[in-house]
Amino acid sequence: MFFTRSREITPLEALQDELKKKSKNPAVTSPHLTLRDRNLLEKVRTETKENNLNNVTRTKAYLDFYLQYPEIQWAFLGHMVSRNGGWNMTDLKGDFLTRLLSKKDRNSFFQFLERGNWLIFQDVYPQFLLYKESLKQNKPFFYLLSFLNISTFMETIWNHFWRNQDRYILCMALVINEQSYLEKRVVQNPVYQKEVLNKFEFFLQDLLSFNHILFPYEDGELAGQTLHQFESVNERILLGKRLYSVLFKNKDFLRIIVDWAKNHPHTGSRKDYWPHIFNNIKEGIPGFTYPIRLKSCQLRKGARRFYSPSLENAWKNVSQPEAEKGDWFENWRVMDYLVEDNEMIDGEIRNEYCKTLERLEVAALAKKTINFLE
């Protein structure tokens, strides 16, 4: 007589089963809150708000957290992507886009970028703070996530991480969560659809490959990836997987990029990584049209650097309305993104980015302000 030995279920399979149950029965009974729970929630909300003033404060908070808790890889990925968000914001007041877009259109684009930046931080940073408290008390506090309007998906993931310490699953789950969270609140928001996403300028950005995510490192070198279909949540999540590969698959490379980040505080100006091309102070004579200054990512002899202001000199802090309620999690098949692939991505982006800058300079020299389609 033979007995078949039942196979032990893997942690990933257990996670899948739990998410399947939650997608079918999303209603969960809220636990009773103790006074300590209420005080902790208030502390989390306060600290999150204090760090969510603008792109610079958010970006610094991500890095500070990662340096203290390097197992939370998304904190560093979020830091580097947030730097890019800041550069995109200040580009709207820099040499190129002030010539190509009207003031109204640039303001609309900034509001779009700032809202997304703000929303992600107010969703993800409370998760980090609850993890920090869980370590401090040596017990998980993730049952409090629902009181902060954070998806039940992430409560399941954090409890899985607490038990299994799978860094990749946590990082990719956070990528899935934040991009799914943005989908209805920003990407499908009728106001942003009308004023930004359906307008010609956003297509122009995509056409010019200006959706680069750059990871600067030593001696002005760049790694990264390019996103061409911002409106696709699938493409944004897949971009997150590629960016993870660039940052974390090579430990020596990660150390170099982290060192760069620590030694170059984020200001929002592209001078942070290429001071030979950009300056946060305007050079030259106002209103004077210069000839082509760039060639192969080097300034021609005697050419003035391009203006790239710091964030504090480009935009004032914005008071944001409360985040829209609702849980995006409905389909457990987002689990498919959590399967790690072994593809190695070198992150070569410098040549592509150089060509983008050259195209932008030529377009800006045409001195035509292209208004959004009315």
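Residues numbered from 1 in each chain as written. Predicted model: local features only at pLDDT ≥ 70, side-chain atom pairs only at ≥ 80, totals over all residues. Heavy atoms only, no water.

> Quick one: what's the story with the packing of aromatic side chains, residue by residue and with numbers?
Applying the stated criterion across every chain, the model contains 30 aromatic pairs. Through pairs of rings, three or more aromatic residues link up here, namely Tyr-62, Phe-65, Tyr-69, Trp-74, Phe-121, Tyr-125, Phe-128, Tyr-131, Phe-142, Trp-158, Phe-161 and Trp-162. Above the face of the Trp-332 ring, Lys-20 is positioned so that its terminal group lies 4.4 Å from the ring centre. The side chain of Arg-236 reaches across the aromatic face of Phe-230, ending 5.3 Å from its centre. (Phe/Tyr/Trp six-rings, centres within 6.5 Å; stacked < 30°, edge-to-face > 60°. Lys NZ or Arg CZ within 6 Å of the ring centre and 35° of its normal.)

> An account of helix 7 (residues 152-164) is requested, with residue identities and associated values reported.
Compared with an ideal rise of 1.5 Å per residue, which puts 13 residues at 18 Å, helix 7 spans 18 Å between its outermost C-alpha atoms and is within 8% of the ideal. Along helix 7, the residues that are buried comprise Thr-152, Phe-153, Met-154, Glu-155, Thr-156, Ile-157, Trp-158, His-160 and Phe-161. In this structure, the buried residues of helix 7 make contact with helix 1 (11-24), helix 6 (103-137) and helix 8 (167-187). Its side-chain oxygen placed 3.1 Å from the backbone nitrogen of Phe-153, Ser-151 serves as the N-cap of helix 7. (Helix = DSSP H or I, 4+ residues; strand = E, 2+ residues; numbered from the N terminus. Expected span 1.5 Å × (residues − 1). Buried < 20%, exposed > 50% of the residue type's maximum accessible area, 1.4 Å probe, protein only. Contact = heavy atoms within 4.5 Å. Polar contact = N/O pair within 3.5 Å; in protein donor to acceptor, adjacent residues only side chain to side chain.)

> Explain the side chain of Asn-279 residue by residue, including any values.
Secondary-structure assignment places Asn-279 in strand 3 (residues 278-279). Looking at Asn-279, the relative accessible area reads 6%, which means it is buried. Ignoring any residue separated from it by four or fewer positions in sequence, one finds Asn-279 in contact with Lys-271, Arg-305, Phe-306, Tyr-307 and Ser-308.

> So what's going on with the pairing of strand 2 (residues 221-226)? Residues and values would help.
Burial analysis of strand 2 places five of its six residues in the buried class, the great majority of the element. Sheet topology places strand 1 (residues 212-217) next to strand 2; six bridges connect them, and they run antiparallel. Within strand 2, the position partnered with Ile-213 by the bridge is Gln-225. What sits between the antiparallel neighbours strand 1 and strand 2 is a turn of three residues, in which Asp-219 has the positive phi angle 55°. (Pairing = 2+ DSSP bridges.)

> Talk me through the nonpolar core; I want residue IDs and the actual numbers.
Of all hydrophobic cores here, the largest spans 113 residues; its most connected members are Phe-76 and Phe-128. Counting residues per element, this core draws most heavily on helix 6, at 14 residues. Excluding its chain neighbours within four sequence positions, the residues that come into contact with Phe-128 are Tyr-62, Phe-65, Ile-72, Trp-74, Ala-75, Trp-158 and Leu-174. (Core = buried A, V, L, I, M, F, W, Y, C linked by side-chain atoms within 4.5 Å.)

> If you had to explain the side chain of Gln-73 to someone new, which residues and values would you point to?
Within the secondary structure, Gln-73 sits in helix 4 (residues 73-91). By relative accessible area, which is 10% here, Gln-73 ends up buried. Separated by 2.8 Å, the side chains of Gln-73 and Tyr-244 make a polar contact. Ignoring any residue separated from it by four or fewer positions in sequence, one finds Gln-73 in contact with Tyr-66, Arg-167, Tyr-168, Cys-171, Tyr-244 and Phe-248.

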